[in-house]
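Structural overview for review
This is what each chain is made of:
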Amino acid sequence: MQNQGVNPSSYGLDNHGIHTTGSIYWNLGTAQLTEHSLGNKESKLAVGGALLCRTGERTGRSPKAKFIVKDEYTADRVWWGNNQPCTPEAFEVLFEMVQKHFADKNLYVQDCFAGADEAYRIPIRICNEFAWHNLFGRQLFVRPDWTKTGSHVPEWVVLYAPTLKAPANTEGTDGKSVFVVANFTKKMVIIGGTAYAGEMKKSVFSVMNMILPMKGVLPMHCSANMGAEGDTALYFGLSGTGKTTLSADPNRNLIGDDEHGWSDKGTFNFEGGCYAKVIKLSEENEPQIWNAIRFGTIVENVVYDSATRLMDFDDVAITENTRAGYPLSFIDNALIPSVGGHPKNIFFLTCDAFGVLPPVSKLSIAQAKEQYVLGYTSRVAGTEAGVTEPAPTFSACFGAPFLPLAPKVYADLLGKKLDEYESDVWLINTGWSGGPYGVGSRMKIPYTRAMITAALNGSLAQVEFDEDPHFGIAVPTECPGVPSEVLNPRNTWADKNAYDQQAAKVAGMWDEQFKKLGIRQ
């Protein structure tokens, strides 16, 4: 074993049961990791200096391979209806495979933190077989002062062995070869059989979702930004609802794009970087992300010309889930350290393909808790095989795959904070108006931006509101920059009876989901 790199920690890998005859590269910088990745033939260099990487067969997360060890600590805590259990014995079998796999490998280690707030962050360690994965960890998590890494003692460690494939039907895997297993007693995550770097990021997020509520901190799957007056806003939403687009505001500082905590001090980012989808990326539509793709950025599964190394962001030959990982400092208006105050406004974004939700409505605390648990949006016909009409999609707390605890735990904590800090919660429909998908039209982005702006500057809270007869939510009668007839969705439908029927249908879907989750009787 040969230690190399920058200020290796005195708390070595042997403390995690890892021993290797190869070299251990500690806390290498961006340039060094890029050199190693290229030298190892793991990646290519793009025009502009970004690192072009492929994740192989798995181009996204592998949810069927995600497990939590069920033991004395987790048995009565974890929401097992949402999480797959594996036995401590099965974990040890997989862990022994990782130990043997690493025994003759060169390994890359990054000592960093999850959480920008020093009061609540946890020290973590990322140990990788690939240099580019280690660069991903360096860019996505919070970097420590490199002069202090020698004394870094991780609370959690992630061991990532992408080329290790478990035998078929091994317990704790997806039944094929992939495993992503968290052990809360050993405070360790082991990953194998997949090279999709997002597994590291989301595993740590799941850990934070488990431990922070016990400290009174609400972990949140949302983006966040801050205005010139120091007002913080949060944006929740599932894929396709506009979370990234609407939170990317040149007039506000970006706190983070994906994972945050809400403590008794305020809001803080869990991460030190961004992991942005780049399919159909253009400089005109998303200049911040476009400008962030440069040396130090990892670009996953984007098609490129092998001769010119020019990237084609429109090509979906590999996957539609193309990604770019880069540090927050690559965003011009990023707030570093990424810590904000208590949110003044919270936006729940939904894409209602049924065309019946108001484009903006204000929620009471009770309604906010219900909508938080609901996590509603909808898929549209033609986007997935077998989907021939709008289909409702529910993801508790807008991030069910990453919730170790029951949704009610997070919703109750949200309600407590809303009551204490008097945040306004808005439900924003970025979906259809005037009819369902295929009949009506998508809500105009300038209108949605005008509604959010009105909420942020306080003017929307001052207008009169009417109660929606189907959903019971408060709908403003006016909003600067938005035609008043657009605010009431029933007015935009030519057939009012058809609207009433469709709205009743969606309300019924909501009620059914509430009952399923035990929120309503």
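As shown above, the structure is provided for reference.
A brief look at the structure comes next. Positions within a chain are numbered from 1, following the residues in the order the chain's sequence is written. pLDDT decides what is reported in this predicted model: residues at 70 or higher carry local features, side-chain atom pairs at 80 or more are listed and counted, and totals for whole chains, interfaces and linings draw on all residues regardless. The side-chain values count all of the structure's non-hydrogen atoms but skip hydrogen atoms and water molecules.

Throughout, an axis means a line fitted to C-alpha atoms (over the contacting stretch in the case of helices), and angles, computed between N-to-C directions, take values from 0 to 180 degrees. Strands here are runs of E lasting at least two residues and helices are runs of H or I lasting at least four, both read from the DSSP assignment and numbered beginning at the N terminus. At a minimum axis separation of 8 Å, helix α1 (residues 30-39) and helix α3 (residues 131-140) run at an interaxial angle of 155°. Between α1 and α3, the angle is such that the two are roughly antiparallel. Like other packed secondary-structure pairs, α1 and α3 cross with a definite hand, here left-handed. Contacts between α1 and α3 involve T30, L33, T34, H36 and S37 on the former and, on the latter, A131, W132, N134, L135, R138 and Q139. In this count, Pro and Cys sit with the nonpolar residues alongside Ala, Val, Leu, Ile, Met, Phe, Trp and Tyr, while Asp, Glu, Lys and Arg are called charged and the others, Gly among them, polar. Among the residues making up the contact of α1 with α3, the classes are represented as 4 nonpolar, 6 polar and 1 charged. Geometric relationships in this document are graded by angle, where less than 35 degrees denotes roughly parallel, more than 145 denotes roughly antiparallel, 65 to 115 denotes roughly perpendicular, and other angles denote oblique. By definition, turning the near helix anticlockwise from the far helix through less than a right angle yields a left-handed crossing, and turning it clockwise yields a right-handed one. We call two residues in contact whenever any of their non-hydrogen atoms come within 4.5 Å of each other.

Another point: a nonpolar patch on the surface. A cluster of nonpolar side chains, namely L38, L45 and F295, defines an oily patch on the protein surface of about 220 Å² accessible area. Residue position: L38 is located in helix α1. Only protein chains enter the accessibility calculation, which uses a 1.4 Å probe; a residue whose area is less than 20% of its type maximum is buried, one above 50% is exposed, and one in between is partly exposed. Classification of L38 by relative accessible area gives partly exposed; the value is 30%. Patches were defined on residues exceeding 30% relative accessible area and lacking a salt bridge, with like-charge contacts within 9 Å and nonpolar side-chain contacts (Val, Leu, Ile, Met, Phe, Trp, Tyr) within 5 Å. To measure how exposed things are, a 1.4 Å probe is used in the Shrake-Rupley method; for residues, cover is taken only from the protein chains shown. Within this document, salt bridges are pairs made up of a side-chain nitrogen of Lys or Arg and a carboxyl oxygen of Asp or Glu, the two lying within 4 Å of each other.

Next up on the list: the environment of W510. Topologically, W510 is positioned in helix α11 (residues 496-516). In sequence terms W510 and V93 are 417 residues apart; their C-alpha atoms lie 43 Å from each other. Here W510 is in contact with L357, Q371, L374, Y376, F394, L427 and F471, once residues within four sequence places are set aside.

Adjacent strands of a sheet form backbone hydrogen bonds with each other and so pair up, either parallel or antiparallel. Spatial ordering of the open sheet is given by β1-β2-β7-β8-β9-β11-β10-β5-β6, a layout of 9 strands whose pairing is mixed. The strands lining the two open edges of the sheet, one partner per strand, are β1 (2-5) and β6 (84-86). When strand polarity is set aside, the average angle formed by the axes of neighbouring strands in this sheet is 25°. Paired strands, as defined in this entry, are two strands with at least two bridges between them according to DSSP.

Attention shifts here to the pairing of strand β13 (residues 232-237). Consecutive side chains of a regular strand alternate in pointing toward one face of the sheet and then the other. Extensive coverage of β13 is indicated by the burial of 6 of its 6 residues. Side chains of β13 alternate between two faces, with T232, L234 and F236 and A233, Y235 and G237 buried alike. In sequence, strand β12 (residues 218-226) turns back onto β13 through a hairpin of 5 residues, with G230 there showing a positive phi of about 85°. With 6 bridges joining them, β13 and strand β23 (residues 343-350) adopt parallel strand pairing. The residue bridging L234 from the neighbouring strand is I346, located in β23.

Here the aromatic set is Phe, Tyr and Trp, taking the six-membered ring for Trp, and pairing holds for ring centres within 6.5 Å; pairs whose planes are under 30 degrees apart are stacked, those over 60 apart are edge-to-face, and all others are tilted. What the rule picks out here adds up to 24 aromatic pairs. Measuring from ring centre to ring centre gives 6.0 Å for F205 and F270, while their planes differ by 55°; the resulting arrangement is tilted. A residue pair is termed long-range when its members are at least 10 positions apart, and F205 in helix α4 (residues 198-211) and F270 in the loop between β16 (267-269) and β17 (273-277) qualify at 65 residues. Note on accessibility: F205 and F270 belong to one class, buried.

Right, let's get into unusual backbone geometry. Backbone torsion omega between I336 and P337 reads 0°, so that peptide bond is classified as cis. Secondary-structure assignment places P337 in the loop between β21 (323-327) and β22 (339-340). Positioned with a positive phi, E422 is a non-glycine residue whose angle comes to about 55°. Looking at the element boundaries, E422 is found in the loop between α8 (407-421) and β27 (424-429). With a relative accessible area of 67%, E422 lands in the exposed category.

Our next topic: empty space enclosed by the protein. The distinction between a cavity and a pocket rests on a 1 Å grid over the protein atoms alone: a 1.4 Å probe fits inside a cavity but cannot get out, while a pocket stays open yet meets protein on both sides within 12 Å along at least five of seven lines, and a residue with an atom within 4 Å of a point counts as lining. Grid points are joined across faces, edges and corners, and a volume is the space filled by probe spheres set on the points. On inspection of all chains with the given rule, the structure shows 5 cavities of 30 Å³ or more. Here the largest cavity defines a volume of roughly 60 Å³. In terms of lining residues, the largest cavity is bounded by K66, F67, I68, V180, A182, V189, S203 and S206. Ranked by the residues each element gives to the lining of the largest cavity, the list is headed by strand β5 (residues 66-69), at 3 residues. A class-by-class count of the residues in the lining of the largest cavity yields 5 nonpolar, 2 polar and 1 charged.

Moving on to the pattern of salt bridges. Here the structure, examined in full by the defined rule, presents 19 salt bridges. The salt bridge involving K105 is made with D104; its shortest N-O contact spans 3.3 Å. Under the relative-accessibility criterion, K105 is labelled partly exposed at 23%. By relative accessible area, D104 is classed as exposed at 52%.

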